Amino acid sequence: MQTQPKLIRFQKNILSKYQIYNSIFTTLPFDTITKTGVLLPLFFETCKKGFANNEDPTTIVNTFFTKYQARRSEKSKINLLFRFIQYIERQVVLFDAIEDAAFPTVNNMNGIGTLRNLKESAINEDKLKELKKFIEEFKVRIVLTAHPTQFYPDTVLGIITDLSEAIRVGDLDTITNLLIQLGKTKFFNKKKPTPYDEAVSLIWYLENVFYDSFGTIHDYIQQNIFENTSVNNETLSIGFWPGGDRDGNPFVTPEITTNVAARLKKTILTCYHKDLRKLKRKLTFDNVYDDVKLLEQKVYKSSLEELNHLSLEELKSNLLEIKHKLINDHQSLYLTEVDSLINKVNLFGFHFASLDIRQDSRIHDKVFRSLVDKSIEKDQGIFPKDYHSLSEEEQIKILSSVSKKIELSGFSDELVNNTLETIKRIKDIQKLNGQEGSNRYIISNNQTALNVMQLYAMLKLISFGDDLTVDVVPLFETITDLKNAPAVMKQLYTNESYRKHLKTRKDKQTIMLGFSDGTKDGGYLMANWSIYKAKELLTQVSREYGISVAFFDGRGGPPARGGGKTHRFYASLGEDIESKEVQLTVQGQTISSNFGTLESSRYNLEQLISSGISNRLSNTKNKLSAVDKEVMNDIANKSFQAYSDFKKHPMFIPYLERISTLKYYAKTNIGSRPSKRSNSDSLVFSDLRAIPFVGSWSQLKQNVPGFFGVGTALKEYEEAGELHKVIELYNNFSFFKTLVENSMMSLTKSFFGLTKYMAEDKEFGTFWTIIYEEYLTTKRLLLKITGSQELMENEPVGKASIETREDIVLPLLTIQQYALKKIQELEKEEDQKDLIHTFEKIVTRSLFGNINASRNSV
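A short tour of the structure in this document, coming up. (Residues numbered from 1 in each chain as written. Predicted model: local features only at pLDDT ≥ 70, side-chain atom pairs only at ≥ 80, totals over all residues. Heavy atoms only, no water.)

1. Structural notes on the packing of aromatic side chains
Using the following cut-off: Each aromatic pair joins two rings of Phe, Tyr and Trp (for Trp, the six-membered one) with centres within 6.5 Å, and gets the label stacked for planes under 30 degrees apart, edge-to-face for over 60, and tilted for any other angle. Counting from the N terminus, the helices are the DSSP runs of H or I reaching at least four residues and the strands are the DSSP runs of E reaching at least two.
Applying the stated criterion across every chain yields a total of 45 aromatic pairs. Centre to centre, the rings of Trp529 and Phe733 are 6.2 Å apart; their planes meet at 85°, and the pair counts as edge-to-face. Of the two residues, Trp529 sits in helix H21 (residues 524–544) while Phe733 sits in the loop between helix H29 (723–732) and helix H30 (734–748), which places them 204 residues apart along the sequence. Ring geometry for Phe646 versus Phe708: centroids 4.1 Å apart, planes at 20°, classification stacked.

2. Examining a negative patch on the surface
The line we're drawing: Each patch groups residues whose relative accessible area exceeds 30% and which form no salt bridge, using 9 Å between like charges and 5 Å between nonpolar side chains of Val, Leu, Ile, Met, Phe, Trp and Tyr. Areas reported as accessible are Shrake-Rupley estimates using a 1.4 Å probe. Residue values count occlusion only from the protein chains shown. Any carboxyl oxygen of Asp or Glu within 4 Å of a side-chain nitrogen of Lys or Arg constitutes a salt bridge here. For the purpose of charge, His is not counted, nor are the chain termini; Lys and Arg are scored as positive and Asp and Glu as negative. For the purpose of locating charges, the reference atoms are NZ of Lys, CZ of Arg, CG of Asp and CD of Glu.
A cluster of like negative charges, contributed by Asp386, Glu392, Glu393 and Glu394, occupies part of the molecular surface. Mapped onto the elements of the fold, Glu394 is located in helix H15 (residues 392–400).

3. Some details on the packing of helix H10 (residues 254–282) against helix H16 (residues 414–433)
We apply this condition: All axes here are fitted lines through C-alpha atoms, helices being fitted over the stretch that makes contact, and every angle between N-to-C directions spans 0 to 180 degrees. Any angle between 65 and 115 degrees counts as roughly perpendicular, while under 35 counts as roughly parallel, over 145 as roughly antiparallel, and the rest as oblique. Take the far helix as the reference: if the near one is turned anticlockwise from it by less than a right angle, the crossing is left-handed, and if turned clockwise, right-handed. What makes two residues a contact is simply this: any of their non-hydrogen atoms within 4.5 Å. All residues other than Ala, Val, Leu, Ile, Met, Phe, Trp, Tyr, Cys, Pro, Asp, Glu, Lys and Arg, Gly among them, are scored as polar; the first ten of these are nonpolar and the last four charged.
It is at 9 Å that the axes of H10 and H16 come closest, and there the two elements cross at 15°. What the angle tells us is that H10 and H16 run roughly parallel. Note on packing geometry: the crossing formed by H10 with H16 is right-handed. Taken together, the residues of H16 that come into contact with H10 (itself represented by Pro254, Glu255, Thr257, Thr258, Ala261, Ala262 and Lys265) are Asn418, Glu421, Thr422, Arg425, Ile429, Leu432 and Asn433. Residues belonging to the contact of H10 with H16 are distributed by class as follows: five nonpolar, five polar and four charged.

4. Remarks on the sheet that holds strand E7 (residues 508–514)
What counts, and what does not: Strand pairing is assigned whenever DSSP detects at least two bridges linking the two strands.
Read across the open sheet, the nine strands follow the order E3-E2-E1-E9-E8-E7-E6-E5-E4; overall the sheet is parallel. The sheet is open, and its two edges are formed by strand E3 (354–355) and strand E4 (357–360), each paired on a single side. Inspection of the sheet shows strand E8 (residues 548–554) paired to strand E9 (residues 581–587) by two bridges, in the parallel sense. Within E9, the position partnered with Asp553 by the bridge is Leu584. Contacting strand E5 (440–444) and strand E6 (471–476), helix H17 (residues 449–464) runs over the sheet at an angle of about 145° to E5.

5. Considerations on the packing of H16 against H17
Interhelical geometry of H16 versus H17 gives an angle of 65° and a closest axis separation of 9 Å. Here H16 is positioned roughly perpendicular relative to H17, judged by the angle of their axes. Of the two elements, H16 crosses H17, and the hand of that crossing is right-handed. Contact with H16, carried on its side by Leu420, Ile423, Lys424, Ile426, Lys427 and Gln430, involves Met458, Leu459, Ile462, Ser463 and Phe464 of H17 and no other residues of that element. Along the lines of polarity and charge, the residues of the contact of H16 with H17 split into seven nonpolar, two polar and two charged.

6. Some remarks on the pairing of strand E1 (residues 139–145)
Consecutive side chains along a regular strand alternate between the two faces of the sheet. Here is the rule we go by: Each residue's exposure class comes from its accessible area (1.4 Å probe, protein chains only) as a fraction of the maximum for that residue type: buried when under 20%, exposed when over 50%, partly exposed otherwise.
For E1, the buried fraction is high: six of the seven residues fall into the buried class. Note that E1 and E9 share seven bridges and pair parallel. Looking across to E9, one finds that Val143 is bridged to Thr585. Bridge analysis of E1 against strand E2 (residues 236–240) gives five bridges, and the strand direction is parallel. Counterpart to Leu144 in the pairing with E2 is Phe240.

Next comes the structure, spelled out in structure tokens:
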């Protein structure tokens with residue numbers, strides 16, 4: 001039977017089912033839900049017609065109440081708005097569940113970008129030998145972070161999972177019960193989660209999704225590409241930040257770090273135990289059953305107690321012994337299942353995920369100064385008394401000679417004590433979970449070689465001595481730091497002590513590059529292009545000194561934070577960028593949308609593997625011509641100037657503070673980390689975190705970080721009669737093409753009709769108009785250079801998913817803007833604190849559904 005087009009499959013399996021199951025809400029046995037379900041479509045139509053007629057949110061809300069609910073009191077009206085919000089939150093959950101259930105139907109699980117397609121292409125092109133070689137060299141590492149971009153509590157995530165399965169099999173009774181359960185389940189936390197709570201939430205994905213999807217992919221590679229011979233590489237690995245990311249989060253203590261590591265080990269042993277129980281039911285043969293039973297008991301005891309009842313080496317050895325008995329004595333019966341468990345043990349060890357430690361370079365500097373002072377005070381002979389007045393080069397020289405461990409304690413500053421104690425705990429975790437348990441320390445806001453050498457010295461002095469089994473990973477984030485990164489790394493590569501350390505780490509250096517803060521600092525085009533150029537130069541300097549560099553990308557979910565169609569970025573890299581590894585952060589709704597089910601996890605992991613390997617197999621090298629490079633540089637610089645001027649506008653900070661939802665992010669209790677870096681009452685741009693910054697523009701449906709400056713840059717080319725140069729760049733350079741397509745996604749998610757009333761505002765009207773005109777210019781010119789008639793023309797399913805979600809939350813956004821406007825009006829009056837507080841609650845609650853709806857996973 002002929003496969004239907006993807007858009008038809010989407011409409012049939014997602015849109016139609018959503019309309020059917022959404023109608024069930026109105027039949028639920030709750031009087032308030034029934035009334036809300038009847039009134040919400042009327043409110044939606046009022047919103048649609050109102051915005052089409054250029055009405056503002058306040059007029060739209062008032063029109064609805066006048067037309068349909070005129071007898072309600074003010075208190076009753078507010079209660080109905082709250083019920084609308086609650087109802088819409090649950091509609092978003094329903095749509096998420098339906099998309100999850102339909103994922104393997106809508107997407108071609110064996111199509112372009114999958115391992116099967118990669119293998120078949122290699123066979124057809126007589127490149128199977130090369131494919132095997134690349135697979136044994138290539139690695140994908142996804143790193144789960146606790147950054148607060150997901151508003152679903154664990155209880156709701158569980159409902160989504162169960163609801164997806166019920167929808168998949170068409171179990172109407174279960175679907176109805178789950179929708180009732182959804183109606184009774186809270187969508188928000190009364191208090192902030194602890195970092196340990198965040199870790200437990202993400203460990204759910206490790207146990208229920210990644211354990212199986214990683215194993216399935218490795219099994220496929222071994223069985224179908226290597227024809228059941230061993231693969232000398234763990235292609236997939238997983239990193240973990242909750243409990244280890246101390247940057248800006250004072251609640252991550254050394255105790256929490258240790259407890260998270262212990263929980264990771266306990267969880268992976270539990271997974272092994274479950275698999276061994278299944279094997280025990282199958283391997284009932286003489287000379288095998290007792291071996292499996294004994295091994296199962298040892299693993300079970302180890303999962304319950306901190307004592308090691310068996311080592312990782314013993315576990316591997318026992319499994320191999322069972323495998324050999326099956327081959328030699330039992331005709332290899334159930335050998336595939338044993339091989340599968342062996343593969344998982346090789347992938348996950350006793351650590352499950354590697355716990356990364358991260359802290360800001362400025363904190364390290366403060367801690368290190370205290371350490372030096374204490375060492376000088378104790379006359380340990382490590383640092384000269386004038387150390388702090390020495391030049392950077394002289395300080396690095398001293399740090400390079402540090403080797404012995406020292407005992408330092410008694411610091412009055414808790415931050416200093418916790419930082420040094422965390423360094424000690426890394427070694428403890430390595431003893432508990434193996435070296436992979438925690439073997440990377442990331443320095444955010446890394447600016448100089450001294451930043452790296454300070455941490456390098458602390459690791460040796462406090463815990464490791466000359467046997468340093470930790471990778472020091474500098475994170476370059478701002479445009480200036482990205483520009484300086486090659487010189488910083490050259491200084492480190494030519495440092496004899498640090499180069500000796502790299503020798504012990506297999507001549508490999510991991511460098512992290514931050515998309516989120518880069519975009520916040522330099523705008524969309526400049527941030528992405530600066531990272532691309534930095535990767536080229538860092539590859540060049542690393543190769544020059546015999547270092548294999550691995551780039552770790554700090555990406556968020558939306559295009560403005562390095563997200564979008566991520567695999568296309570990796571497929572578009574040229575030969576001048578080292579590409580033996582793909583490493584990236586995954587967070588919030590990106591985890592649940594791209595990796596929330598076994599099918600979506602497997603599909604998107606295969607896309608990442610395929611993008612990296614096909615880039616190396618391809619004869620098309622994505623080499624940028626001199627002319628195209630000049631145009632790319634020029635566009636990036638012009639857009640950077642436009643974005644920089646925009647940030648300097650006197651209304652930039654006031655607009656974010658008073659017009660956006662920025663200040664409400666801290667009230668949502670979705671993450672343990674504070675929403676800004678300092679405790680200052682006033683907003684300082686450098687203190688602002690990328691997530692609430694990008695999120696606030698998203699709530700306004702303006703998505704500034706995903707496009708601002710692009711239109712201005714392109715317009716200069718148009719006015720000079722040189723837009724053809726940009727069109728040629730778009731056709732020639734797949735990296736620029738990917739940037740354009742992701743920017744178009746940001747534009748698709750924008751809706752300026754929501755805030756059009758601001759154009760008439762005496763204080764902010766001019767500023768709003770600047771944003772709107774940039775949006776119009778960017779949209780017009782991106783359509784022109786791509787030859788498209790509408791945004792996302794070549795991605796109809798992605799566009800349909802976005803449009804459906806935007807329709808679902810349109811009433812929610814209208815209510816949010818209505819509440820924000822009410823707060824501004826009430827603040828000018830006296831004795832309105834209670835009413836202001838009520839409307840602030842409406843704004844905060846409205847954040848949840850809108851952020852969750854921003855996911856578009858198909």
